[in-house]
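Here's the letter readout for the chains.
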Amino acid sequence: MKWLLSKLGLLKQRKKTKDLNADLSFFKTSLQANAIACQWLLRKQTLLLLRQSKGSALMIRIRDASGDGTVASKLVELSLKATQAQIEAPSASGQMLLELGYRTVGGDFITLEYSFIDLGPKKVLQPELTNWFSNESDNIHQDMYKLATKGKDLGGSEVMPLGR
């Protein structure tokens, strides 16, 4: 059977496919109880490049991809030997873009693999507006004057004679 496959050229294709599969990379993410679990495998050539580049670092960058104008992001530095990580979710809702990459010596981020994770519809809490004038003193002008003069008599209207 092998002889027939080799004559047809199919045996060589299988061997090439096995070699190709041995050099693939992947980046897989999943949501687990308020954390994002990440698993990855990098090509041997990529790891060699990172080891030879002094000052570069393997990283996971998490960015908000909800499309509402939010520009929040989080960076986690990793060991070159690591193949998995648990990262606390930066938000409880929205879409997140997770990028496995490296930071160059110059500070640029180069993406190697990426994954999207959906944390559900984004919930934006509006800040509670404070009415600063609701607790105004009944004698606000006198209180402000005392604050401005720091309790000293400056010779203003308080020393004027009332009648002639």
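Going by the structure above, here's the rest.
So, a few notes on the structure that sits alongside this text. (Residues numbered from 1 in each chain as written. Predicted model: local features only at pLDDT ≥ 70, side-chain atom pairs only at ≥ 80, totals over all residues. Heavy atoms only, no water.)

## Considerations on the sheet that holds strand 2 (residues 35–41)
Moving on, step 1. The three strands are arranged 1-2-5 in an open sheet whose pairing can be described as antiparallel. Each edge of the open sheet is held by one strand with a lone partner, namely strand 1 (26–32) and strand 5 (84–88). Neighbour to neighbour, the strand axes of the sheet diverge by 20 degrees on average, direction disregarded.
Moving on, step 2. Pairing geometry for strand 1 and strand 2, over seven bridges, is antiparallel. (Pairing = 2+ DSSP bridges. Helix = DSSP H or I, 4+ residues; strand = E, 2+ residues; numbered from the N terminus. Axes fitted to C-alpha atoms, helices over the stretch in contact; angles between N-to-C directions.)

## Comments concerning the pattern of salt bridges
Moving on, step 1. All chains considered together, the criterion is met by three salt bridges.
Moving on, step 2. A salt bridge links arginine 61 to glutamate 99; the shortest N-O distance between them is 2.8 Å. Taken together, the residues span a long stretch of sequence, with arginine 61 in strand 3 (residues 57–64) and glutamate 99 in strand 6 (residues 95–103) at a distance of 38 residues.
Moving on, step 3. A relative accessible area of 19% places arginine 61 in the buried class.
Moving on, step 4. Close ionic contact of arginine 63 with glutamate 99 constitutes a salt bridge, the shortest N to O distance being 3.2 Å. Of this pair, arginine 63 sits in strand 3 while glutamate 99 is found in strand 6, placing the two residues 36 residues apart along the sequence.
Moving on, step 5. Using a relative accessible area of 5% as the deciding quantity, one classes glutamate 99 as buried.
Moving on, step 6. Because the salt bridges share partners, they merge into one network encompassing Arg61, Arg63 and Glu99. (Salt bridge = Lys/Arg side-chain N within 4 Å of Asp/Glu carboxyl O. Buried < 20%, exposed > 50% of the residue type's maximum accessible area, 1.4 Å probe, protein only.)

## What about the environment of tyrosine 114?
Moving on, step 1. Here tyrosine 114 shows up in strand 7 (residues 109–118).
Moving on, step 2. Tyrosine 114 sits in the exposed class, given a relative accessible area of 54%.
Moving on, step 3. With 16 residues separating them in the primary sequence, tyrosine 114 and leucine 98 have C-alpha atoms 5.6 Å apart.
Moving on, step 4. The residues contacting tyrosine 114, other than those within four sequence positions of it, are Phe27, Leu97, Leu98 and Glu99. (Contact = heavy atoms within 4.5 Å.)

## Looking at the nonpolar core
Moving on, step 1. Ranked by internal contacts, the top residues of the largest apolar core, which has 20 residues, are Cys38, Trp40, Ile60, Leu98 and Leu100.
Moving on, step 2. Within the residue set of this core, elements represented by two or more residues are strand 2, helix 3 (44–52), strand 3, strand 5 and strand 6.
Moving on, step 3. Here this core gets four residues from one element, more than from any other, and that element is strand 6.
Moving on, step 4. Excluding anything up to four places from it in sequence, cysteine 38 contacts Phe27, Lys28, Thr29, Ile60, Thr83, Gln84, Ala85, Ile87 and Leu98. (Core = buried A, V, L, I, M, F, W, Y, C linked by side-chain atoms within 4.5 Å.)

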